[in-house]
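Observations on chain architecture
The lines below spell out each chain.
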Amino acid sequence: MSKAMRQMPAQAGRAGSKRGEAASGFASDEAEGPRHEPSDMGKPRAALLHAAFTRENLQRAFKRVRANKGAAGVDGLDIDQTAKHLVTAWPDIRERLLSGTYRPSPVWRVTIPKPDGGERELGIPTVVDRLIQQALLQVLQPILDPTFSEHSYGFRPGRRAHDAIFAAQAHVQSGLRVVVDVDLETFFDRVNHDILIDRLSKRIGDAGIIRLIRAYLTSGIMSDGVVQERTRGTPQGGPLSPLLANVLLDEVDKELERRGHCFVRYADDANVYVRSRRAGERVMALLRRLYEKLNLTINESKSAVASVFGRKFLGYSLWVARGQVVNRRVADKPLATFKQRVRQLTRRSGGRSMQQVVDGLRPYLLGWKGYFRLAQTPGIWCKLDEWLRHRLRAIQLKQWKRGTTIYRELRKLGASVRVASHVAVNNRRWWRNSGKLLNSVLTIAWFDCLGLPRLS
């Protein structure tokens, strides 16, 4: 990669950031880092395409693509193989990019299950195209991001889902107890290319950038070995998709701002907070008109005008504590999903040791705890910890299986003869036998030694 870069002008690029495939870095589905740099705002728009493919900008983009890992695209080349390929191929690719003759490869279509059922479609570009998109993102985001609404939080540097949750909580605490909860139906699959390019052209004056982005929008999707043409949509998976989504939806944000509404938007999920259902119905009618102009459709089954205390937003819901203070908690559906996932990770078959079971659980528990740490419900955390340890004790009993083995292992762990005998006699009642007396042997400290994270 470094050899290929020597053939490009050593022009100063933009400052990178921590991780991910977005300028200023994505953490999971979120962006972090400074909002923009003043020096970026003064760069001539006509030079943007050349600025994207300077040596320094491409080196930072490649580091970000590598850090984000990801699968190979339709060409079958992973990151290391692509790096070797670019040593000789990059000069020709760069020439075609600057001349406007470059044609991106089709994206590889994959589907992943959604937590609430159904499937989400992802489009995985080749590593070369991810590199090019990342390089474009690094020069476009400092220009476009400052123009977005302050009420937009998704996929923006220096903003994350937690900030959106805090903003929603503040609106409700101020007395706005009715929410217009809007979810767009398969948003990334329905984006109209002409409308998106029109909105982007009004913000970016570089025709080369616009031409290249349109080429990516129409690059096609490979499914089951067949390339399908694409006339709409920006499949999730490429670094540019989140930024383009914000460009399109910012029009709705600005209209809501002009009318003085209190709202929070994260990607295609938008909540508008009002004082009455009547006002909420008016806002919902307004949003239908605004989205219709963008050829977007509201998902009626997931959208509603309702009390904020019966709805969830980004996995959280709100409740009223003493003194009329509005607090946060984990919504019911994410809690159910958490338990189901833990059951899958701790199934009682598989021939794994308890240490292996805990090692498999640890990344999921830490990630889940990190996201839902804002929940102001300590009692629920304690109950989840108790349920999880109870389940693991039952698994340990099943692994020991025979009464003689249970007795021997419990005695090794310091159990009294009475406790070890009582547990061993009931060796077939895994769940019922994994509480009470067994708690005094397989203690919280024992699980701490195994490395099991505590949620509470």
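Details of the structure are given in the entry above.
These figures come from a predicted structure and were not determined experimentally.

1. Looking at helix α11 (residues 241-258)
The first and last C-alpha atoms of α11 sit 26 Å apart over 18 residues, in line with the 26 Å expected at 1.5 Å per residue. The largest bend in α11 is about 40°, located at Leu 249. Phi turns positive, to about 80°, at Gly 260, one or two residues after α11.

2. Digging into empty space enclosed by the protein
It is the rolling of a water-molecule-sized probe over the atoms that shows where space remains empty. As enumerated under the stated definition, the model contains four cavities of 30 Å³ or more in all. In this structure, the largest cavity spans a volume of roughly 170 Å³. Forming the walls of the largest cavity are 16 residues, and the residues nearest its centre are Gln 133, Tyr 216, Arg 230, Pro 235 and Ser 241. Put simply, the parts of the chain that give the lining of the largest cavity at least two residues each are α6 (127-144), α10 (207-217) and α11. Grouping the constituent residues of the lining of the largest cavity by class yields seven nonpolar, seven polar and two charged. Listed by contribution, the elements that provide at least two residues to the lining of the second largest cavity are α7 (161-173), β9 (269-274) and β11 (316-320). Looking at the lining of the second largest cavity element by element, the count peaks at three residues for β11.

3. Concerning unusual backbone geometry
Despite not being glycine, Phe 155 has its phi angle at roughly 55°, a positive value. For Phe 155, the location among the structural elements is in the loop between α6 and α7. Phe 155 gets classed as buried once you look at its relative accessible area, which sits at 14%. For Lys 401, which is not glycine, the phi torsion reads 65° and is therefore positive. On the basis of relative accessibility, which here comes to 45%, the residue Lys 401 falls in the partly exposed class.

4. Things to note about the packing of helix α4 (residues 55-67) against α6
Interaxial distance between α4 and α6 falls to 9 Å at its minimum, and their mutual angle equals 120°. With respect to their mutual orientation, α4 and α6 come out oblique. Where α4 crosses over α6, the handedness of that crossing is right-handed. Facing Asn 57, Leu 58, Arg 60, Ala 61, Phe 62, Arg 64 and Val 65 of α4, the residues of α6 in contact are Val 127, Arg 130, Leu 131, Gln 134, Ala 135, Gln 138 and Val 139.

5. Comments concerning the sheet that holds strand β3 (residues 107-113)
Strand order in the open sheet made by the four strands is β4-β3-β6-β7, with mixed pairing throughout. Unpaired on one side and paired on the other, β4 (119-124) and β7 (226-228) mark the two borders of the sheet. On average, each strand axis in the sheet is tilted by 40° relative to the strand beside it, whichever way the strands run. Across two bridges, β3 lies against strand β6 (residues 221-223) in parallel orientation. Bridge assignment links Trp 108 to a residue of β6, and that residue is Met 222.

6. Topic: the nonpolar core
The biggest cluster of nonpolar side chains holds 71 residues, and the ones touching the most others in it are Phe 53, Ile 132, Leu 140, Leu 287 and Tyr 291. Per-element accounting of this core gives the leading share, eleven residues, to α6. In this structure, Ile 132 is in contact with Phe 53, Ile 93, Leu 97, Tyr 102, Leu 212 and Tyr 216, ignoring residues within four places of it in sequence. Formed by 44 residues, the second largest nonpolar core is a distinct cluster that contains Val 179, Tyr 273, Val 330 and Phe 338.

7. Focus: the pairing of β9
With respect to burial, β9 is a largely interior element, five of its six residues being buried. Bridge analysis of strand β5 (residues 178-183) against β9 gives six bridges, and the strand direction is antiparallel. When the bridges of β9 are listed, Val 178 appears paired with Val 274. The sheet contact formed by strand β8 (residues 262-266) and β9 spans five bridges and is antiparallel. In the sheet register, Val 264 faces β9, and the bridge partner there is Asn 271. Count of turn residues in the β8/β9 antiparallel hairpin: two residues, of which Ala 267 carries a positive phi of about 60°.

8. Points about the sheet that holds β8
The four strands lie next to each other as β8-β9-β5-β10, forming an open sheet whose pairing is antiparallel. Edge positions in the open sheet fall to β8 and β10 (304-307), since each of these has one partner strand only. For this sheet, the mean angle separating the axes of adjacent strands, direction not counted, is 20°. Of the pairings in the sheet, the one linking β5 to β10 comprises four bridges and is antiparallel in character. Paired with Asp 181 across the bridge in β10 is Ala 304. Helix α12 (residues 277-293) contacts β5, β9 and β10 of the sheet and is inclined by roughly 20° relative to β5.

How each quantity is defined
Residues numbered from 1 in each chain as written. Predicted model: local features only at pLDDT ≥ 70, side-chain atom pairs only at ≥ 80, totals over all residues. Heavy atoms only, no water. Helix = DSSP H or I, 4+ residues; strand = E, 2+ residues; numbered from the N terminus. Expected span 1.5 Å × (residues − 1). Bend = angle between axes of the 7 residues up to and from the residue. 1 Å grid on protein atoms, 1.4 Å probe; cavity = no way out; pocket = protein on both sides within 12 Å on 5 of 7 lines; lining within 4 Å. Points joined across faces, edges and corners; volume = space filled by probe spheres on them. Nonpolar A, V, L, I, M, F, W, Y, C, P; charged D, E, K, R; others polar. Buried < 20%, exposed > 50% of the residue type's maximum accessible area, 1.4 Å probe, protein only. Axes fitted to C-alpha atoms, helices over the stretch in contact; angles between N-to-C directions. Parallel < 35°, antiparallel > 145°, perpendicular 65-115°, else oblique. Left-handed = near helix turned anticlockwise from the far one by under 90°. Contact = heavy atoms within 4.5 Å. Pairing = 2+ DSSP bridges. Core = buried A, V, L, I, M, F, W, Y, C linked by side-chain atoms within 4.5 Å.

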